[in-house]
Amino acid sequence: MASVDSSPSAWPCAALRDADLARRTTLRVGGQAEWLLEPATPEEFQDAWRAARERGFVPRLLGGGANLVVDDGVLPGVVIATDRMRRIFRPFPEVSGEEALNSETPRGEMVQRDPAEDPRLVCWAGATMPALLRSARELGYSGLEGIVGVPGQVGGGVAMNAGGKWGDMWDCIELVRVGNDDGSFVDIARADADPLYRNANLGGRPVIGAVLRFDPQPKLLIQERMSEYLLHKRTVQPVTEWSAGCVFKNPDPEISDGRSAGRLVDEVGGKELSRGAAIVSPLHGNFIVNTGQATATDVFTLMEDLHDLVAQKTGIDLVFEVKRWRAQDVLTAPTS
Ligand code: EPU
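No experiment lies behind these values; they were computed from the predicted model shown. (Residues numbered from 1 in each chain as written. Predicted model: local features only at pLDDT ≥ 70, side-chain atom pairs only at ≥ 80, totals over all residues. Heavy atoms only, no water.)

Description of the sheet that holds strand β1 (residues 14-20)
Then step 1. As summarised here, the arrangement of the 4 strands in space is β1-β2-β5-β3, forming an open sheet in which the pairing is mixed. Of all the strands in the sheet, just β1 and β3 (60-62) have a single pairing partner and so form its edges. Strand-to-strand twist across the sheet, computed as the mean angle between neighbouring axes with direction ignored, equals 30°.
Then step 2. Sheet topology note: the β3/strand β5 (residues 74-81) ladder contains 3 bridges and is parallel. (Pairing = 2+ DSSP bridges. Helix = DSSP H or I, 4+ residues; strand = E, 2+ residues; numbered from the N terminus. Axes fitted to C-alpha atoms, helices over the stretch in contact; angles between N-to-C directions.)

What to know about the pattern of salt bridges
Then step 1. Scanning the entire structure with this criterion turns up 17 salt bridges.
Then step 2. Notably, a salt bridge pairs Arg 213 with Glu 174, separated by 2.6 Å at the nearest N-O pair. Taken together, the residues span a long stretch of sequence, with Arg 213 in strand β13 (residues 207-213) and Glu 174 in strand β11 (residues 173-179) at a distance of 39 residues.
Then step 3. Judged by relative accessible area, Arg 213 falls into the partly exposed class, the value being 39%.
Then step 4. Between Arg 324 and Glu 304 there is a salt bridge, with its nearest N and O atoms 3.1 Å apart. One end of the pair, Arg 324, is in strand β19 (residues 323-325); the other, Glu 304, is in helix α9 (residues 296-314), with 20 residues separating them in the sequence. (Salt bridge = Lys/Arg side-chain N within 4 Å of Asp/Glu carboxyl O. Buried < 20%, exposed > 50% of the residue type's maximum accessible area, 1.4 Å probe, protein only.)

Comments concerning the state of the cysteines
Then step 1. Per the counting criterion, the structure on display carries 0 disulfides.
Then step 2. Among the cysteines around Cys 172, which has no disulfide bond, Cys 123 carries the closest sulfur, lying 10 Å off. (Disulfide = S-S within 2.5 Å.)

Observations regarding the domain arrangement of the chain
Then step 1. When its domains are assigned, the chain resolves into domain 1 (8-84), domain 2 (88-221) and domain 3 (248-320).
Then step 2. Domain 1 and domain 3 are separated by 29 Å when their C-alpha centres are compared.
Then step 3. In this complex, domain 1 contributes 7 residues to the contact, which on the side of domain 3 involves 9 residues.
Then step 4. Each partner contributes to the roughly 590 Å² buried at the junction of domain 1 and domain 3, and carbon and sulfur atoms together form 65% of this total.
Then step 5. For domain 1, the biggest contributors to the area lost against domain 3 are Leu 27, Val 69 and Asp 72; these three give 65% of the whole.
Then step 6. The tally of links from domain 1 across to domain 3 stands at 0 salt bridges. (Domains from an automatic or database assignment. Contact = heavy atoms within 4.5 Å. Buried area = accessible area lost by both parts, 1.4 Å probe.)

Observations concerning the environment of Asp 317
Then step 1. Mapped onto the fold, Asp 317 is located in the loop between α9 and β19.
Then step 2. When the C-alpha positions of Asp 317 and His 307 are compared, they lie 7.2 Å apart, and in sequence the two are 10 residues distant.
Then step 3. Within the structure, the side chain of Asp 317 is placed 2.6 Å from the side chain of His 307, a separation counted as a polar contact. (Polar contact = N/O pair within 3.5 Å; in protein donor to acceptor, adjacent residues only side chain to side chain.)

A short note on the site of the ligand
Then step 1. In the vicinity of the ligand there are 21 residues, among which Lys 165, Tyr 197, Asn 250, Asp 266 and Glu 321 approach most closely.
Then step 2. Between Gln 237 and the ligand, the recorded distance is 2.9 Å, taken from a side-chain N or O atom to an oxygen atom.
Then step 3. If the ligand stood free it would expose 830 Å²; the protein chains cover 76% of that surface.
Then step 4. Elements with a minimum of two residues in the shell around the ligand: β9 (163-164), β15 (242-246) and α8 (261-267).
Then step 5. The element best represented in the shell around the ligand is α8, accounting for 3 residues.
Then step 6. Taken together, the residues of the shell around the ligand break down into 4 nonpolar, 10 polar and 7 charged.
Then step 7. Per-domain counts for the shell around the ligand show at least three residues from each of domain 2 (88-221) and domain 3 (248-320). (Near = heavy atom within 4 Å. Areas by Shrake-Rupley, 256 points an atom, 1.4 Å probe, with all protein chains shown as cover. Nonpolar A, V, L, I, M, F, W, Y, C, P; charged D, E, K, R; others polar.)

What to know about unusual backbone geometry
Then step 1. Although it is not a glycine, Arg 28 adopts a positive phi angle of roughly 65°.
Then step 2. Examined against the element boundaries, Arg 28 turns out to sit in the loop between β1 and β2 (32-38).

Observations concerning the nonpolar core
Then step 1. Counting residues in each nonpolar core, the largest one holds 33 residues, and the members touching the most others are Val 158 and Leu 212.
Then step 2. Elements represented by at least two residues in this core include exactly β7 (120-124), α4 (129-139), α5 (154-159), β11, β13 and α6 (219-236).
Then step 3. For this core, the element with the highest residue contribution is α4, accounting for 4 residues.
Then step 4. The contact partners of Leu 212, leaving out residues within four places of it in the chain, are Pro 119, Arg 120, Leu 121, Cys 123, Leu 132, Leu 144, Met 169, Cys 172, Ile 173 and Glu 174.
Then step 5. Membership of the second largest hydrophobic core comes to 27 residues, among which are Ala 244, Phe 300, Leu 309 and Val 310. (Core = buried A, V, L, I, M, F, W, Y, C linked by side-chain atoms within 4.5 Å.)

Below, the structure written as structure tokens:
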């Protein structure tokens, strides 16, 4: 691995050394990234990606940190955070998806255009999910109400096909731009994609941005649906506490007799388990909550405990939905 100049100015975008990651995740555990790069545009992202690869690192990608457990200690290598790539805009009317990602209608012209004429939005990867839902609601764009309350950013939401019983992220996707290993971008139209349950099947490539197509509807109706879903979610999930969302994917209903992961954990007594300050939510068995000072080790151990308990009592091998970044996994790339 090539040696890395220890000055932040050696990188082609904003860069931080030994950057704290816990506060950048919704679970609030974990240590530091040796390098954290913060590109503000897709072009800067490309430069940052290439710079990391040239120095021998495979960058890890950090979006809203909503589905992630970061290890304690220092994570060697490079993390690229998409926080600053947060733009959401309406494209020029009638342009193709590829062009839409590159073109923004000037604000002056936009005010005069009826949003229903071309009900699309372009989002860069770092736009937050709540910001996207707010924009859609304000424009009278229906389609994503079902994922109200999903935290994180659009990049992560697209990559993992975030969703729930009322709908999935990919219900509204027209086109997604992803990055290749060499930093080049490629556009994937909805028709050419094969998104699966909680996995958009993009080959692990970073999402750079997306074009979403909506169904124009009265704002009031959209607002009502969002409020109803959110209200329900608050009664069954610990939405205001520190967690990484659902720990496990739901198993194939044929194997589990239709029982969700949360219900299985509940049935086998998993809600009684805890490790340090990491507990299983009394509200929902598929959530681990950091009650204050939990470490990544507490959380990793509790996740394994839950997995093993369900396997022992039911024979069902639950699959982790949350991503785990282990300090010992050093990701290196060949340098030329
Ligand atoms: N249940 C229990 N005990 C529990 C939790 C749930 O008995 O502790 C039962 C519920 O009563 C219900 C069933 O299990 O009959 C399913 O629970 P819920 O409706 O909460 O849905 P889920 O399948 O657990 C899924 C997604 C959530 C999404 C919700 C709502 C997965 C793994 N989870 O949860 O997504 O918010 O539907 O749409 O697909 C996430 O992906 O991070 C996530 C939270």
